[in-house]
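Structural overview for review
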Amino acid sequence: MTMANRQLKFHILRYNPRDIASVPRMQTYEIEEADGMTLFIALNEIRERQDPSLQFDFVCRAGICGSCAMMINGRPTLACRTVTKNLGLETTLAPLPVFELIGDLSVNTGKWMRQMSERLETWVHEKAGAVDISRIEAPMDAGLAEQIYELDRCIECGCCVAGCGTARMRADFVGAVGLNKIARFRLDPRDTRTDADYYELIGDDNGVFGCMSLLACHDVCPKNLPLSTQIAYMRRHMAATGWKQEKP
Ligand code: SF4
Ligand code: SF4
Ligand code: FES
């Protein structure tokens, strides 16, 4: 005897901010669960068979591009890495807060990330004239390269920002994603910036001192980045830098 597949209900927050007639509302869709179904597959099935107007984002379907993050039963998570068998019969989906809403489950994380990156200058600042493409690049210590790689795994999905109380209160807070990026460039021996330079970027309430250390970011990061240790580490270094600057 074969067991009947489960009937799943998805309650989805619908709203199109570009349509003046649109008002935020919950809409329920029902589909039959299939083997190995992910939320990506479920949402595509809803869009293809029931409602072509439903907006959501996916690119890689493999937890790499970061575009499918949404609130799944109130928790920021990647939809493409969420299998429906781990969900109950009823699931609530909403767009990530903090980011500009494009429509329904689609938000503009790219705009937020770009502003944060430009503000924190998240690129290697080499010495003037140090770039010489004819020169063989100096090898980096393997252990250090590994440490940098660990922090570079961030996919800019925005889950840490959506789960962050400070980011909800302060529009200019750089989030755990921004603090992690500074920690990454601070490790990089090619970057000539000093702690005094980093203090200028994150030594205030929109940076590491605005963080309340409740670590929702660490709990929700789908790439399991070591955000709690990086934030504590940066706070220690920035506090020491600020203290030195204040001494006459
Ligand atoms: S730190 Fe983690 S949760 Fe935050 S943007 Fe990067 S991958 Fe996403
Ligand atoms: S620990 Fe800091 S960055 Fe992480 S969620 Fe809390 S306030 Fe935001
Ligand atoms: S679709 Fe790329 S991370 Fe989910």
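Check the entry above for the structure.
Residues numbered from 1 in each chain as written. Chains lettered and ligands numbered in written order. Predicted model: local features only at pLDDT ≥ 70, side-chain atom pairs only at ≥ 80, totals over all residues.

**Description of the site of ligand 2**
Filter applied, for reference: Here, nearness is defined through the C-beta atom: a residue counts as near a molecule or strand if that backbone-placed atom lies within 6 Å of it. Secondary structure counts use DSSP, requiring at least four H or I residues in a row for a helix and at least two E residues in a row for a strand, with both numbered from the N terminus.
Neighbouring ligand 2 are 14 residues; C164, T166, A176, C211 and C217 lie closest to it. Those elements that place two or more of their residues in the shell around ligand 2 are α5 (165–169), α6 (175–187) and α8 (216–220).

**A look at the packing of helix α7 (residues 195–202) against helix α9 (residues 227–246)**
Where we set the bar: Only the contacting stretch of a helix is used when fitting its axis, a line to C-alpha atoms as for every element, and angles between N-to-C directions run 0 to 180 degrees. Here the angle decides the label: under 35 degrees means roughly parallel, over 145 means roughly antiparallel, 65 to 115 means roughly perpendicular, and every other value means oblique. Here, residue contact means that the backbone-derived C-beta atoms of the two residues sit within 7 Å. Throughout this entry, Asp, Glu, Lys and Arg are counted as charged residues, while Ala, Val, Leu, Ile, Met, Phe, Trp, Tyr, Cys and Pro are counted as nonpolar. The remaining residues, Gly among them, count as polar.
Where α7 meets α9, the axes come as close as 9 Å, and the angle between the chain directions of the two elements is 105°. On the basis of their axis angle, the class for α7 and α9 is roughly perpendicular. Note on element contacts: α9 touches α7 through M234, H237, M238, T241, G242 and Q245, opposite D195, A196, Y198, Y199 and I202. When the residues that make up the contact of α7 with α9 are grouped by side-chain class, the tally is six nonpolar, four polar and one charged.

**Some remarks on the site of ligand 1**
Taken together, 13 residues form the shell around ligand 1, and within it C154, C157, C159, C160 and C221 come nearest. Those elements that provide at least two residues to the shell around ligand 1 are α4 (159–162) and α6. The leading source of residues in the shell around ligand 1 is α6, at three residues. Considered class by class, the residues forming the shell around ligand 1 number nine nonpolar, two polar and two charged.

**Quick notes on the sheet that holds strand β1 (residues 7–14)**
Cut-off, in case you're wondering: In this scheme, strands are said to pair when DSSP sees at least two bridges between them.
As summarised here, the arrangement of the five strands in space is β2-β1-β5-β3-β4, forming an open sheet in which the pairing is mixed. Each edge of the sheet is formed by a strand with only one pairing partner; in this case those strands are β2 (25–32) and β4 (75–78). Each adjacent strand pair in this sheet contributes to an overall mean axis angle of 35°, direction not counted. Bridge analysis of β1 against β2 gives eight bridges, and the strand direction is antiparallel. Residue pairing for β2: L8 is matched across the bridge by I31. In the packing of helix α1 (residues 39–49) onto the sheet, the strands contacted are β1, β2 and β3 (69–72), and the crossing angle to β2 comes to about 100°.

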